[in-house]
Amino acid sequence: MSKSSKEHHLAEFKDRLACAQKHRDTNEMELARAEYVQALTFAEKHLGPYSPEVDQACYRLANFYAALREPREELAVLERRLRIRQGNGDVTEIVDALQDIALCHASYDRPTEAEEVYQEAIALCEETDEKHQPVLRATLLYFGDFLNEQDRHANAVPVLERGLRLCARSKSYPSISGSRLAANLAVALFALKRPAEAVALLEQALPVLAHRSQPTTTITRRMLYALATEYRKQKRYADAERWYGEAIYHASLSNSSRDNAFILDAAADNDLKLGRAERAERRLQKAIKQILRIRDAHHEDVLGIRQSLLNLLIPAERYAEAETVLTEMVQATDHPDFSDDRGRERFLNNLGFVQVHLEEFPKAEANIRRGLETADEENSAYLIKNLGLMFQKKGYTAEAICEYEKALTIFEKHFEPDHKVAVFIREALKELKG
Amino acid sequence: MSTTLDEICSLLDSAKIRYGRREDRIRTGFETDLYEDHEGDNCLHMAIWPEDDGETLRVQAYGTYLLPPAQFPEKLAAVQRTLNQINWETKTAHFEMDIQDGEIRISVDIPLEDAKLTERQLMRAVKMLPDLADRCHSAMRQALDDGIPLATHEELCLRFDTFMIERDKGLGER
C-alpha cells in the first residue's frame with residue numbers, strides 16, 4: 001500500500017469513528033452502530049485484520065455495546081481485540097485487553113469468569129520487569145476493587161498490599177497509583193473492622209486524591225465520607241467537619257445526588273455535635289432536595305433524612321415545622337408500594353405528638369387512632385401514651401389516666417422498667433392522681 | 001460598545017438573578033455549599049460594576065474573609081502562601097488581600113474593550129466566584145484558623161510517598 005493511500009484510508013477510518021461518536025452523542029444509537037460496524041469493516045479491509053485501527057474500532061464498539069448492555073457482542077469484540085494483541089506479543093498490551101474483558105465479566109455479574117481473567121493477567125506480568133510494573137499495579141488495583149465489590153475484603157487485602165509493595169519498589173514512587181491502591185485497601189480494612197489501619201492510610205492518600213488537580217471519583221468521595229465518619233465516631237468533630245467539607249465538595253462535582261444527600265445527612269449530625277444547629281438544618285434541607293431528585297417521597301432514603309430533620313426540629317420544640325415534615329412523611333406512606341406498617345405508625349405517632357403540642361387536638365387524635373388501627377401491642381404503647389398526653393393537655397384527667405395506665409401496662413410487659421417513656425408516664429400519673 | 005450599570009441590570013433580570021442597586025454598584029448574593037460568611041451563613045456577597053468607562057466588568061466577592069491586622073507573622077505567611085497557591089492554580093478569578101485592614105476578597109475582571117457584554121459572560125463571571133469560594137474554603141479556614149498553609153500537590157505526593165515507603169519497610173520487618 002502506498003503511503004498516500006494509507007493516509008487516505010486512515011483519514012477515512014477516523015472520519016467514520018468521529019461520525020459514529022457524533023450519532024452516539026445525539027442518542028442516535030442505531031446510526032452509531034452502523035457507523036462503528038462500517039468503521040471496523042473498513043479497517044479490516046484497508047488497514048489489515050490485525051491493525052491497530054481494528055483494535056481501536058473493537059474497543060469503541062465494546063464501549064458502545066456496554067452502553068446498550070449487549071454482553072455477547074461486547075465480549076466478542078473485546079476478545080477479538082485480545083487476539084490482535086496476543087498476535088503482537090506485547091505483554092502490557094495483552095494485560096490491558098484482559099483488564100477490559102475482566103471488567104466486562106464483572107459488569108454482567110459473571111464473577112468467576114472475571115476472577116479467572118484477572119488471575120490470567122496478573123500471571124502474565126513479571127514483577128521485576130519495570131515495563132510490566134504500571135500495568136500490573138493497575139490490574140491489582142482493579143482486581144482488589146472487584147474483590148471489594150464482591151464483599152471479599154479478606155481476599156482483597158493481599159492483592160492491594162501486593163500493589164502497594166510494587167509501588168514502594170518502583171524507582172520513583174507512583175503517588176497516584178499508590179494512593180488509589182491505599183484508598184481501596186482502606187475500603188477492605190474498614191469492612192474487616194480494622195479502622196485504625198484504614199484511617200492511617202486515608203490520612204495520607206486522600207489529600208493526594210482529593211486535591212483540586214485530581215478528577216473526582218467514587219472511591220475518593222466515599223473514602224472522604226468514611227474518614228470523616230470515623231473521626232465523628234472518635235468524637236474528633238472538628239476533623240470530621242474538615243473531611244465532610246471535602247466530601248461535600250467532591251459530591252457536588254460528581255452530580256451523585258445519593259452520595260451528596262448521605263454526606264450532607266452525616267455532616268449535619270456532626271454539626272449538631274459541634275453546636276452548629278443552623279448549619280445542620282441547612283444541610284438537611286439540601287440533603288432532602290438532593291435525595292428527592294432520584295427517589296420517591298416514600299423511599300426509605302428520603303424518609304430517613306426527613307427523620308434526621310425531625311430529630312433536630314422536635315427537641316427544639318419547633319412543632320409547626322415538624323408538623324409540615326411529618327405530614328409529608330405520612331402522605332408518602334400512602335403510596336401503594338410503601339409496606340412498612342411500623343414506620344407508618346411511628347410517623348403517625350410523631351405527627352400526633354407534635355399536633356398535641358400545637359393544641360390541634362382533633363387532628364392529633366385522628367392521626368394517633370389511625371396509627372392504632374395497624375399497630376401491634378408493643379408499638380401501640382407509644383400511640384396510647386400520646387393519646388394520654390392529648391387528654392392531659394385538654395384537661396380530661398380521667399381519660400388521660402385511663403390511657404396512661406393502659407400504655408404503662410404494655411410498657412412494663414415489653415420494655416425495661418426504667419424505659420424513659422415508662423418513667424414519663426409514671427410521673428404524669430402521679431401528677432394527675434395527686 | 002463597553003457596558004453600563006443599566007445594561008448589567010437588564011442581563012441579571014434576564015437571568016432571573018435577584019440583586020439590589022446602590023449608587024454605582026450592583027449587590028447580590030449566591031448560596032454556597034461550604035463557604036460561610038462571617039455570620040456563619042452559606043452565602044457569598046458580591047458586588048458588580050463597570051470600570052474604565054465600561055470597558056472592564058468587575059465582579060467582586062467583598063469581605064470573603066478577614067485576617068485582622070497584628071497577627072503572628074507565621075499565620076500571615078500561611079494565609080499569603082495559601083492565597084498565592086490558590087491563585088497559581090486558578091484561572092480568571094483570583095483572591096486578593098488588603099494588608100491594611102486584612103480584608104480578603106475574590107475578584108474577576110472581564111476586559112470588554114469595545115465588545116458588548118453578553119448574559120453568558122456575565123453569568124460565567126458571577127457563578128465562578130461561589131464555586132471558587134467553595135473549592136478553597138477548607139484551605140482558607142485552615143490557614144486563617146490554624147496557620148497551616150495550603151500544600152501543593154507535589155508536597156502532598158511526597159508526604160504520601162514517604163509514608164508508604166516507611167510503611168512498606170515496617171511490613172517487611174514483621
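In case you missed it, the structure is sitting above this.
Rules and cut-offs
- Residues numbered from 1 in each chain as written.
- Chains lettered and ligands numbered in written order.
- Predicted model: local features only at pLDDT ≥ 70, side-chain atom pairs only at ≥ 80, totals over all residues.
- Heavy atoms only, no water.
- Helix = DSSP H or I, 4+ residues; strand = E, 2+ residues; numbered from the N terminus.
- Buried < 20%, exposed > 50% of the residue type's maximum accessible area, 1.4 Å probe, protein only.
- Contact = heavy atoms within 4.5 Å.
- Areas by Shrake-Rupley, 256 points an atom, 1.4 Å probe, with all protein chains shown as cover.
- Lys, Arg positive; Asp, Glu negative; His and termini not counted.
- Charge placed at Lys NZ, Arg CZ, Asp CG, Glu CD.
- Rg over C-alpha atoms; globule rule 2.2 N^0.38 Å.
- Pairing = 2+ DSSP bridges.
- Salt bridge = Lys/Arg side-chain N within 4 Å of Asp/Glu carboxyl O.
- Core = buried A, V, L, I, M, F, W, Y, C linked by side-chain atoms within 4.5 Å.
- Axes fitted to C-alpha atoms, helices over the stretch in contact; angles between N-to-C directions.
- Parallel < 35°, antiparallel > 145°, perpendicular 65-115°, else oblique.
- Nonpolar A, V, L, I, M, F, W, Y, C, P; charged D, E, K, R; others polar.
- Buried area = accessible area lost by both parts, 1.4 Å probe.
- Polar contact = N/O pair within 3.5 Å; in protein donor to acceptor, adjacent residues only side chain to side chain.
- Patch = residues over 30% accessible without salt bridge, like charges linked within 9 Å, V, L, I, M, F, W, Y side chains within 5 Å.
- Phe/Tyr/Trp six-rings, centres within 6.5 Å; stacked < 30°, edge-to-face > 60°.
- Lys NZ or Arg CZ within 6 Å of the ring centre and 35° of its normal.

Another aspect to go through is the overall build of chain A. Scanning chain A from terminus to terminus reveals 21 helices and zero strands. By principal-axis analysis of the C-alpha atoms, chain A measures approximately 105 × 50 × 35 Å. Buried residues in chain A amount to 50% of all 434 residues. Residue pairs at least 24 apart in sequence account for 54% of intrachain contacts in chain A once pairs closer than 6 positions are excluded. When the accessible surface of chain A is totalled, it reaches about 20900 Å², and 49% of it is carbon and sulfur. In chain A, 61 side chains carry a positive charge and 70 a negative one; their mean positions are 4 Å apart.

All right, on to the overall build of chain B then. Across its full length, chain B holds four helices and six strands. Tracing chain B from N to C terminus, the helices and strands come up as α-β-β-β-β-α-β-β-α-α. For chain B, the C-alpha radius of gyration of 20 Å lies well beyond 16 Å, the compact-globule estimate for 174 residues. Each principal axis of the C-alpha atoms in chain B carries an extent, and together these give about 70 × 35 × 30 Å. Within the span of chain B, comprising 174 residues, buried residues form 47% of the whole. Within chain B, residue pairs in contact and separated by at least 24 positions form 59% of the contacts whose partners lie at least 6 positions apart. For chain B, the computed accessible surface area is about 9500 Å², with 49% contributed by carbon and sulfur atoms. Of the side-chain charges in chain B, 21 are positive and 35 negative, and the distance between the mean point of each set is 4 Å.

All names here are of chain B. Note: strand 4 (residues 56-66) against strand 6 (residues 103-111), eight bridges, orientation antiparallel. Counted as the bridge partner of Arg58 is Asp109 from strand 6. Direction of pairing for strand 5 (residues 94-97) relative to strand 6: antiparallel, over a ladder of four bridges. Across the sheet, residue Met97 finds its bridge partner in strand 6, namely Ile104. Hairpin connection between strand 5 and strand 6: a loop of five residues separates the two successive antiparallel strands, and Gly102 in this loop has a positive phi of roughly 80 degrees.

Here we come to the pattern of salt bridges. The full count for this structure, using the stated rule, is 60 salt bridges over all chains. A salt bridge links Lys116(B) to Glu7(B); the shortest N-O distance between them is 3.8 Å. Here the residue Lys116(B) occupies a position in the loop between strand 6 and helix 3 (119-146), and Glu7(B) occupies one in helix 1 (residues 5-14), the gap between them amounting to 109 residues. Note on Lys116(B): relative accessible area 47%, which makes it partly exposed. Classification of Glu7(B) as partly exposed rests on a relative accessible area of 24%. Taken together, the shared-partner salt bridges in this structure form one network comprising Glu241(A), Asp271(A), Arg276(A), Arg279(A), Arg282(A), Arg283(A), Glu36(B) and Asp41(B).

For the rest of this paragraph, the subject is the nonpolar core. Core analysis: the biggest nonpolar cluster contains 146 residues, and Phe13(A), Leu202(A), Met223(A), Ile314(A), Leu326(A), Val354(A) and Ile425(A) have the highest contact counts within it. Dropping the residues within four chain positions of it, Phe13(A) is found in contact with Ala39(A), Phe42(A), Ala43(A), Leu47(A), Glu53(A), Gln56(A) and Ala57(A).

Another aspect to go through is the environment of Thr374(A). Residue and element names in this part refer to chain A. In this fold, Thr374 is placed in helix 18 (residues 361-374). The sequence separation of Thr374 and Asp341 amounts to 33 residues, and the corresponding C-alpha distance is 7.0 Å. Dropping the residues within four chain positions of it, Thr374 is found in contact with Arg342 and Glu345.

It is worth spelling out unusual backbone geometry at this point. Residue and element names in this part refer to chain A. Positive phi values are uncommon outside glycine, yet Asp151 reaches one of about 60 degrees. A positive phi angle, near 60 degrees, is found at Glu359, a position not held by glycine. Relative to the assigned elements, Glu359 resides in the loop between helix 17 (341-357) and helix 18. Under the relative-accessibility criterion, Glu359 is labelled exposed at 55%.

Turning next to the packing of helix 5 (residues 91-107) of chain A against helix 7 (residues 133-149) of chain A. All names here are of chain A. Orientation of helix 5 relative to helix 7, taken along the N-to-C sense of each, is 10 degrees, at an axis distance of 10 Å. On the basis of the axis angle, helix 5 is roughly parallel to helix 7. Here helix 5 contributes Thr92, Val95, Asp96, Gln99 and Ala106 to the contact with helix 7, which in turn contributes Val135, Ala138, Thr139, Tyr142 and Phe146. Along the lines of polarity and charge, the residues of the contact of helix 5 with helix 7 split into six nonpolar, three polar and one charged.

Once that is clear, we can look at the interface of chain A and chain B. Facing 34 residues of chain A, the contacting portion of chain B comprises 28 residues. Of the roughly 2600 Å² buried between chain A and chain B on both sides combined, carbon and sulfur atoms contribute 55%. On the surface where chain A and chain B come into contact, there are nine salt bridges. Lys286(A) is paired through a salt bridge with Glu31(B); the nearest N and O atoms lie 3.8 Å apart. Counting every contact that joins chain A to chain B gives eleven residue pairs in polar contact (both at pLDDT 80 or more). Residue composition of the side of chain A that touches chain B, by class: 13 nonpolar, nine polar and twelve charged.

A separate point is a negative patch on the surface. All names here are of chain B. A cluster of acidic residues, Asp52, Asp53, Glu55, Glu113 and Asp114, forms a negative patch at the surface. In this structure, Asp114 sits in the loop between strand 6 and helix 3. Since its relative accessible area comes to 61%, Asp114 is described here as exposed.

Enumeration according to the criterion identifies 14 aromatic pairs over all chains in this entry. Aromatic pair Tyr382(A) and Phe415(A): ring centres 5.9 Å apart, planes at 70 degrees, arrangement edge-to-face. Here the residue Tyr382(A) occupies a position in helix 19 (residues 377-394), and Phe415(A) occupies one in the loop between helix 20 (397-414) and helix 21 (420-433), the gap between them amounting to 33 residues. Judged by its relative accessible area of 27%, Tyr382(A) falls in the partly exposed class. Feature note: the residues Tyr36(A), Phe64(A) and Tyr65(A) constitute an aromatic cluster, connected by ring pairs. Directly above the aromatic system of Trp49(B) lies the positively charged group of Arg25(B), at a separation of 3.6 Å from the ring centroid. Across the ring face of Tyr62(B), the terminal group of Arg27(B) is positioned such that the distance to the ring centre comes to 4.9 Å.

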